Amino acid sequence: MSAEPSLPVFPHDVVWHDGQVARAQRERLLGQRALTVWMTGLSAAGKSTLAFALERELYERGRACYVLDDDNVRHGLNSDLGFSLLDRRENIRRIAELARLMNDAALIVITAFISPWRADRTAARAVIGEASFLEVYVGTALAVCEARDPKGMYGRARRGDLAEFTGVSSPYEAPLAADLTLDMGQLSLPEAVAQLVGRIAGTLRPEQLPPEERPARLRGDASVGNEAVTTRLGGAAADRRPRHYTPNDLANQAPSRSEDTSVHRQ
């Protein structure tokens, strides 16, 4: 028996369903304000290395976060996309929508995508929301990226074996006013992570959450020095064991019963 043909879906058939838990309530539960750190830059600029190092540092601070890396995402969610102009734009559109949903779940999202066109990054900012979008330009010089060339793609592009390669045969439009610029040819990894943490320190917990209501593990100063980050990123004294919390710690994170339960789409 043949399957019935699918019926077309019209806009009025697709309706957003509000849940019973608002983003602000999830943020209060986790003790943080959701954010997307959008890293953009040339291939081999150091975006992925920096993204995963930042994720580790935030994890050590008790933050719920996740990296969306271009290569990783193309193994699954975006495995149907190639590298044409349209496919690359669709790649960024999907990631922006995914990051918005993850922010709605109160997670801190760190993306590592070349995202070469300003128009696409502007569109991603509009989807995620101005207040939740931090554009970080990993502005490592082209010569440094080519010298690294871990996948050999710059060499292939220079030989003409790889078409539409950003920085060689396809343009990269650098941000005109990035929220933060990091040159990984000049900065060490701990220095770059320290700058990132310092830049986003004010977003690590909801502004409306008074100190006395924060879980004990979240009451410390959000600032960080290079020495501390160096230890976290591989110093001999680094403790990479998962943290364990007592029932009291978890109970302290529960939202108040008197809390406003109104729900809105972010």
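These lines cover the structure that appears in this document, whether it is placed above or below.

Cut-offs applied
- Residues numbered from 1 in each chain as written.
- Predicted model: local features only at pLDDT ≥ 70, side-chain atom pairs only at ≥ 80, totals over all residues.
- Heavy atoms only, no water.
- Helix = DSSP H or I, 4+ residues; strand = E, 2+ residues; numbered from the N terminus.
- Contact = heavy atoms within 4.5 Å.
- Areas by Shrake-Rupley, 256 points an atom, 1.4 Å probe, with all protein chains shown as cover.
- Core = buried A, V, L, I, M, F, W, Y, C linked by side-chain atoms within 4.5 Å.
- Buried < 20%, exposed > 50% of the residue type's maximum accessible area, 1.4 Å probe, protein only.
- Salt bridge = Lys/Arg side-chain N within 4 Å of Asp/Glu carboxyl O.
- Pairing = 2+ DSSP bridges.
- Axes fitted to C-alpha atoms, helices over the stretch in contact; angles between N-to-C directions.
- Expected span 1.5 Å × (residues − 1).
- Parallel < 35°, antiparallel > 145°, perpendicular 65-115°, else oblique.
- Left-handed = near helix turned anticlockwise from the far one by under 90°.
- Nonpolar A, V, L, I, M, F, W, Y, C, P; charged D, E, K, R; others polar.
- Polar contact = N/O pair within 3.5 Å; in protein donor to acceptor, adjacent residues only side chain to side chain.

With that out of the way, let us pick up the overall build of the protein. For the protein, the count of helices and strands is 10 helices and 5 strands. In the protein, 77% of the contacts between residues at least 6 apart in sequence involve partners at least 24 apart. Carbon together with sulfur atoms contributes 55% to the accessible area of the protein, which is approximately 14,400 Å² in total.

A word on the nonpolar core. Within the largest apolar cluster, 34 residues are counted, with the highest numbers of intra-cluster contacts made by Val-37, Met-39, Leu-50, Leu-54, Ile-110, Val-136 and Leu-196. Contributions of two or more residues to this core are made by strand 1 (35-40), helix 2 (47-60), strand 2 (65-69), strand 3 (108-112), strand 4 (133-138), helix 7 (153-158), strand 5 (180-182) and helix 8 (189-200). Residues within four places of Leu-54 in sequence aside, it is in contact with Val-37, Met-39, Ile-110, Val-193, Leu-196 and Val-197. Residues Leu-68, Val-73, Val-109 and Phe-113 belong to the second largest nonpolar core, which totals 13 residues.

We now examine the pattern of salt bridges. Close approach of charged atoms allows side chains of opposite charge to pair. Counted by the stated rule, this structure contains 18 salt bridges. Note that Glu-135 and Arg-121 form a salt bridge whose closest N and O atoms lie 2.9 Å from each other. Placement of the pair is Glu-135 in strand 4 and Arg-121 in helix 5 (residues 118-128), with a sequence separation of 14 residues. You can call Arg-121 buried: its relative accessible area is 3%. Between Asp-161 and Arg-159 there is a salt bridge; the shortest N-O distance is 3.3 Å. Comparing Asp-161 with Arg-159 shows no difference in burial state: the two are exposed.

Here we take up the sheet that holds strand 5. By way of backbone hydrogen bonds, the strands of a sheet pair with one another, either parallel or antiparallel. Read across the sheet, 5 strands follow the order 2-3-1-4-5 without closing on themselves; strand pairing throughout is parallel. Strands at the two margins of the open sheet, each flanked by one partner only, are strand 2 and strand 5. Geometrically, the sheet is characterised by an average inter-axis angle of 20° between neighbouring strands, direction not taken into account. Two elements, strand 1 and strand 3, share 5 bridges in a ladder whose sense is parallel. Bridging across to strand 3, Val-37 finds its partner in Ile-110. The strands touched by helix 2 within the sheet are strand 1, strand 2, strand 3, strand 4 and strand 5, with strand 2 carrying the most contacts at an inclination of about 170°. Here helix 4 (residues 85-104) sits on the sheet and contacts strand 1, strand 2 and strand 3; the angle it forms with strand 1, its principal contact strand, is near 155°.

Judged by how many residues are buried, strand 3 sits mostly within the fold: 5 of 5 residues are covered. The two faces of strand 3 match: Ile-108, Ile-110 and Ala-112 on one face and Val-109 and Thr-111 on the other face are all buried. Relative to strand 3, strand 2 runs parallel, the two sharing 5 bridges. Bridge pairing links Val-67 to Ile-110 in strand 3.

Let us look at helix 8. In a regular helix each residue adds 1.5 Å, so 12 residues correspond to 16 Å; helix 8 covers 17 Å between its end C-alpha atoms and thus fits that length. Along helix 8, the residues that are buried comprise Pro-190, Ala-192, Val-193, Ala-194, Leu-196, Val-197 and Ile-200.

On the secondary structure map, Arg-125 appears in helix 5. Look at Arg-125 and you get buried, because its relative accessible area is 16%.

What follows covers the packing of helix 2 against helix 8. Packing of helix 2 against helix 8 brings their axes to within 10 Å, and their N-to-C directions diverge by 60°. Between helix 2 and helix 8, the interaxial angle falls into the category oblique. Viewed along their axes, helix 2 and helix 8 form a crossing whose handedness is right-handed. Contacts between helix 2 and helix 8 involve Thr-49, Leu-50, Ala-53, Leu-54, Glu-57 and Leu-58 on the former and, on the latter, Leu-189, Ala-192, Val-193, Leu-196, Val-197 and Ile-200. Per-class residue counts for the contact of helix 2 with helix 8 are 10 nonpolar, 1 polar and 1 charged.

Okay, the environment of Arg-56 next. With respect to the helices and strands, Arg-56 occurs in helix 2. By relative accessible area, Arg-56 is classed as partly exposed at 22%. Sequence separation of Arg-56 and Tyr-66 is 10 residues, and the distance between their C-alpha atoms is 9.5 Å. Here the side chain of Arg-56 touches Glu-60 through a polar contact of 2.8 Å, side chain to side chain.

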